[in-house]
Every structure is written in structure tokens, then in C-alpha cells.
Amino acid sequence: MEFIPLGKWIRTMSCQILPFKSPLQIASIALRRKVLRIPLGLDFTDQELAEEDQQIHFAYIVKQQVLGVLLLKPQDEQMLKMRQVAVDPTQQGQGIGKSMVAFSEQWAKENGFNTIELNARKTAVPFYLNLAYQIEGSEFEEVGVPHYKMVKKLSSIA
Ligand SMILES: CC(C)(COP(=O)(O)OP(=O)(O)OC[C@H]1O[C@@H](n2cnc3c(N)ncnc32)[C@H](O)[C@@H]1OP(=O)(O)O)[C@@H](O)C(=O)NCCC(=O)NCCS
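Residues numbered from 1 in each chain as written. Predicted model: local features only at pLDDT ≥ 70, side-chain atom pairs only at ≥ 80, totals over all residues.

Draft legend 1. Examining the overall build of the protein more closely. Within the protein, the regular secondary structure consists of five helices and seven strands. Start at the N end of the protein and walk to the C end: the helices and strands fall as α-β-α-α-β-β-β-α-β-α-β-β. What you see for the protein is a C-alpha radius of gyration of 16 Å, in line with the 15 Å of a compact globule of 158 residues. Counting only C-alpha atoms, the protein reaches 55 × 35 × 30 Å along its principal axes. The buried share of the protein, taken over its 158 residues, is 23%. In the protein, once contacts between residues fewer than 6 apart in sequence are set aside, the share between residues at least 24 apart is 59%. (Helix = DSSP H or I, 4+ residues; strand = E, 2+ residues; numbered from the N terminus. Rg over C-alpha atoms; globule rule 2.2 N^0.38 Å. Buried ≥ 20, exposed ≤ 12 C-beta atoms within 10 Å, placed from the backbone. Contact = placed C-beta atoms within 7 Å.)

Draft legend 2. Focus on the site of the ligand. If you check the shell around the ligand, you find 19 residues, and the closest are Gln 92, Gly 97, Lys 98, Pro 126 and Phe 127. Elements represented by at least two residues in the shell around the ligand include exactly helix H2 (23-37), strand S4 (79-87), helix H4 (96-110), strand S5 (115-121) and helix H5 (125-129). In terms of residue class, the shell around the ligand is made up of 10 nonpolar, seven polar and two charged. (Near = placed C-beta within 6 Å. Nonpolar A, V, L, I, M, F, W, Y, C, P; charged D, E, K, R; others polar.)

Draft legend 3. How the structure looks around the pairing of strand S2 (residues 56-62). As paired strands, strand S1 (residues 15-18) and S2 are joined by four bridges and run antiparallel to one another. Considered in S2, the bridge of Leu 18 is made with His 57. When S2 meets strand S3 (residues 65-74), the two strands line up antiparallel, connected through seven bridges. Its bridge partner lying in S3, Val 62 is registered against Gln 65. (Pairing = 2+ DSSP bridges.)

Draft legend 4. Spotlight on the nonpolar core. Counting residues in each nonpolar core, the largest one holds 29 residues, and the members touching the most others are Leu 70, Met 82, Met 100 and Leu 118. Secondary-structure elements contributing two or more residues to this core are S1, S2, S3, S4, H4, S5 and strand S7 (145-153). In terms of residue count, S3 provides more of this core than any other element does, six residues in total. Those residues in contact with Leu 118, other than ones at most four positions away along the chain, are Lys 81, Met 82, Arg 83, Tyr 128, Tyr 133 and Met 150. (Core = buried A, V, L, I, M, F, W, Y, C linked by C-beta atoms within 7 Å.)

Without other data, these values stay purely geometric and don't point to any function.
Right, here's the structure in full:
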């Protein structure tokens, strides 16, 4: 009998889109704050968060807990910007980031987008290289830490 990797299947099915201002989307802000802002001594402004109403909020949810978050922001009809990618520190290195990126790329393709760009923290560049994103241009600073612009052309849906 063929072995079914149930754990992996459950993980894949844990990615979802959170409606803006839903309880889980609000919980996802707490994770972003913990992973992406507090370590830098920064926080989000109310205006920054309010302006995210037109962005797509992806999350990795297990037992109603937000373990990972990822946002896609439309730049034009073909291009999206991936931003705010964060996995709970206790859950990193288990494939959650990778499955959120794959899930969001699939959503992007199904919704007519063909390119994703992002500003990667230098420390996360190997994560994105591993997922076929390519560096464009040279290092720059954002939120006080070194970044690289990275881009991926999405393959068309088979
Ligand atoms: C970067 C981050 C989102 C990756 O998520 P994750 O769930 O820990 O990563 P995954 O377990 O899905 O890793 C996928 C692959 O990338 C590799 N990888 C992940 N983070 C890496 C890193 N910082 N450097 C090198 N490789 C990395 C993993 O080894 C894995 O490789 P494999 O597929 O060959 O096994 C997560 O570690 C995180 O939240 N970091 C802090 C916040 C951050 O830097 N966010 C990105 C801002 S641009």
C-alpha cells in the first residue's frame, strides 16, 4: 500500500487567505510585530495597517493559531509585491515559509499575475533563492537593515 504523508498534506491545507480585519488577520499583525518589528525597535502605524485593506493576507494556521503570515500587494495588473513574510520563531525551519510562498504564488497565477517582486532582508536572501527568486540590483537599506530586491517570473498554469 502506498504511504500517504498525512502530516505534509495537513500542512499544505493549513494555508489560507484571511479576510481583512477578521480575528485571525488581526492576530497575524501580532506575529508580524513580534517577528519583523519588535526586534528592530519599530512598530506599525495605524495608517500603515489601514492601508493594507487592498492587500491579500495569507496565513499558515494550525488549531486557530497563526504560525506564519505573508502579504501580497498588487503593483499593477501583472505584478505583485510579496511583503511581511514571517514565521513564528518556534516554528521556523519546518517548511511553513516555503508552503506559504507556494500557496501565494498559486493564488497569483490563478488571478492573472505573472511576476512577484519583494525586498528581501539580507538574512532571508538564501530562503528566496531556494524558491527561484533572483536578486536584482545591489544592496540597500530598509527599516535599518540590509536588503536586496528579488524578482520571480511565475510559470504559466499548465
Ligand atoms: C525567512 C522565513 C520566512 C523562512 O520561513 P521558514 O518556515 O523558517 O522556512 P522553511 O522551513 O520553509 O525553509 C524553506 C527552505 O529555505 C531554507 N531556509 C529558510 N530560511 C533560511 C535562511 N535564513 N537561510 C538559508 N536558508 C534558509 C530552509 O533550509 C529550507 O530549505 P530546504 O527546502 O532545502 O529544506 C522565516 O525563517 C522567518 O520568519 N524569518 C524571520 C523573518 C524574516 O526574515 N522574514 C523575511 C523578511 S524578507
